[in-house]
Amino acid sequence: MVDEKTLAGWTGPSSDTEQDKQDRTERMVREAVRDHAAFGQCTLRVYTKGSYPNNTNVRTDSDVDVAVQFTECFYWGEHTQGAHPPSSSYQGMWTPSKLRAELVLALKAKFPGQVDDSGSTAIRVHSSSARVDADVVPAFDYRYYFSASSYREGSKTFKKASGSLVNYPDQHLKNGRAKNRRTNNDYKKIVRIFKRIENAMVEANYHRAVPSYFVECLVYNCPDSVLNRTTSTEAVKGVIVHIWNELQGDVEPQEGSERWLEVNECKYLFAPAQKWTRVDGRDFAKAAWNYLGYG
């Protein structure tokens, strides 16, 4: 059985050395964008997203996700037809393909021989002894309209061939911080424990790899009172039991109040477009319970 001392030791973020490498990676990507001449002709927002700015990263998933977001126009969606007010279309030169092409050039100039742009979405900057890997995505401002005067802001990334992804990184950051405050900093500690459990199970060939963000969302959907238990062991047991009990059955409830959400609370965690299912959540919980020796 994995004891309390081990679990408590798994609550911390990545080491100071790893943090320094992450910070250096972020700084150098920002420099690459700043120094690229073509980007002097437009307005960009460069920011990190995911586990690094949310402080839920652990050593084995310590790469840095960076968005380079064009802010001079926005793409949009609408909750109901007609919610988006009439507007003119963007006529400038900064198309999705143009933004991606210039970003690749900027990164290759800064990191010669270390840039892989073969992926469908992110541009990979490989690590060195002084840096961690970086996934850099070109993005655009995005608005999801509920009415002409009410909308949700996010980001939209276009894939190389076809298709696109909409994300809400600001809401992710805000909601994670709020839950951490409500739980006296226990939320992010428990997220890190479960990420380390997942890594340990994969390393031992005990269970298949589970996306880090999915693990974070599973913990986020657990009640604050479960995370606030006296010991790490009791909190971990409570999270596993909650996941197992609440994700029984393969059909999503129709009522929004009963459906699990991503940390951003803008997307349902289980939906046809997602990479995971309720079964994946149950399987992870069962494997963790048995791996930790609670069975």
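A. Looking closely at the overall build of the chain. On a plain count of helices and strands, the chain comes out with ten helices and seven strands. Here the chain has a C-alpha radius of gyration of 20 Å; the compact-globule value for 295 residues is 19 Å, and the two agree. In terms of its C-alpha atoms, the chain occupies a principal-axis envelope of roughly 60 × 50 × 35 Å. Classification of the 295 residues of the chain by burial places 47% in the buried group. Taking as baseline every contact in the chain between residues at least 6 positions apart, the subset at least 24 positions apart corresponds to 66%. Summing over all exposed atoms, the chain offers an accessible surface of approximately 14,600 Å²; the carbon and sulfur share of this is 48%. Separation of charge centres in the chain, based on 39 positive and 37 negative side chains, amounts to 2 Å.

B. Representation of the packing of aromatic side chains within the structure. In total, this model carries 17 aromatic pairs according to the counting rule given. Taken together, a centroid distance of 5.4 Å and an interplanar angle of 80° make the contact between Y75 and F140 edge-to-face. Remark: F140 occurs in strand β5 (residues 134–147) and Y75 occurs in strand β2 (residues 64–78); sequence separation between them is 65 residues. What makes Y75 partly exposed here is its relative accessible area of 27%. Taken together through their ring pairs, the aromatic side chains of F39, F70, Y75, Y90, W94, F140 and F158 make up a single cluster. Across the ring face of Y47, the terminal group of R45 is positioned such that the distance to the ring centre comes to 4.0 Å. Its guanidinium or amino end placed over the ring of Y294, K237 lies 5.0 Å from that ring's centre, counting from NZ or CZ.

C. Up close: the environment of S212. Here S212 is to be found in helix α7 (residues 212–220). By relative accessible area, S212 is classed as partly exposed at 25%. Counting along the chain gives 17 residues from S212 to K195, while the straight-line C-alpha distance between them is 6.5 Å.

D. Helix α5 (residues 169–182), seen in detail. Compared with the 20 Å implied by 1.5 Å per residue over 14 residues, the 20 Å span of α5 between its first and last C-alpha is a close match. At the C-terminal side of α5, N184 shows a positive phi close to 55°.

E. Looking closely at the pairing of strand β7 (residues 164–167). Two elements, strand β6 (residues 150–158) and β7, share four bridges in a ladder whose sense is antiparallel. What sits directly across from F158, in β7, is S164. The hairpin turn running from β6 into β7, its antiparallel successor, is five residues long, and G163 in that turn takes a positive phi close to 90°.

F. The side chain of T56, seen in detail. Residue placement: T56 occurs in the loop between α3 (51–54) and β2. In contact with T56, other than residues within four places in its own chain, are S51, K188, V191, R192, K195 and E216.

G. Summary view of the packing of helix α6 (residues 186–203) against helix α10 (residues 278–291). Contact geometry for α6 and α10: axes closest at 11 Å, N-to-C directions at 80°. As far as their axial angle goes, α10 and α6 are roughly perpendicular. Counted together, F194, I197, E198, A200 and M201 of α6 and F284, A287, A288 and Y291 of α10 form the full contact between these two elements. In the contact of α6 with α10, the residues fall into eight nonpolar, no polar and one charged.

H. Geometry of unusual backbone geometry. Despite not being glycine, N205 shows a phi value in the positive range, around 55°. When you line up the elements, N205 lands in the loop between α6 and α7. Positioned with a positive phi, E265 is a non-glycine residue whose angle comes to about 60°. Note on placement: E265 falls in the loop between α9 (232–246) and α10.

Reading the values: rules and limits
Here, residues in each chain are numbered from 1, in the same order as that chain's written sequence. Local features in this predicted model are restricted to residues whose pLDDT is 70 or higher, and side-chain atom pairs enter the listing and the counts only when it is 80 or higher, whereas totals over whole chains, interfaces and linings include all residues. With hydrogens and water set aside, each side-chain value is computed from the structure's full complement of heavy atoms. Here a helix means four or more residues in a row that DSSP labels H or I, a strand means two or more in a row labelled E, and each is numbered from the N terminus. The size measure is the radius of gyration over C-alpha atoms, and the globule rule it meets is 2.2 Å times the number of residues to the 0.38 power. For every residue, the accessible area (1.4 Å probe, protein chains only) is compared with the maximum for its type, and the residue is labelled buried under 20%, exposed over 50%, or partly exposed between those bounds. In this analysis, two residues are considered to be in contact whenever any of their non-hydrogen atoms come within 4.5 Å of each other. A 1.4 Å probe and the Shrake-Rupley method give the accessible areas. Residues count as covered only by the protein chains that appear here. Here the positive residues are Lys and Arg and the negative ones are Asp and Glu; neither His nor the chain ends is included. To locate a charge, take atom NZ for lysine, CZ for arginine, CG for aspartate or CD for glutamate. For Phe, Tyr and Trp, where Trp contributes only its six-membered ring, two rings pair if their centres lie within 6.5 Å, and the inter-plane angle classes them as stacked under 30 degrees, edge-to-face over 60, or tilted in between. Cation placement over rings: the criterion is NZ of Lys or CZ of Arg within 6 Å of the ring centroid and within 35° of the ring normal. Take the number of residues in a helix, subtract one, and multiply by 1.5 Å to get its expected span. Two strands pair under a simple rule: DSSP has to find at least two bridges between them. For helices, the axis comes from a line fit to the C-alpha atoms of the stretch in contact; other axes are also lines fit to C-alpha atoms, and the angle between any two N-to-C directions lies between 0 and 180 degrees. Note on terminology: angles under 35 degrees are roughly parallel, angles over 145 are roughly antiparallel, angles of 65 to 115 are roughly perpendicular, and the others are oblique. Any residue outside Ala, Val, Leu, Ile, Met, Phe, Trp, Tyr, Cys, Pro, Asp, Glu, Lys and Arg is labelled polar, Gly included; the first ten of those are nonpolar and the last four are charged.

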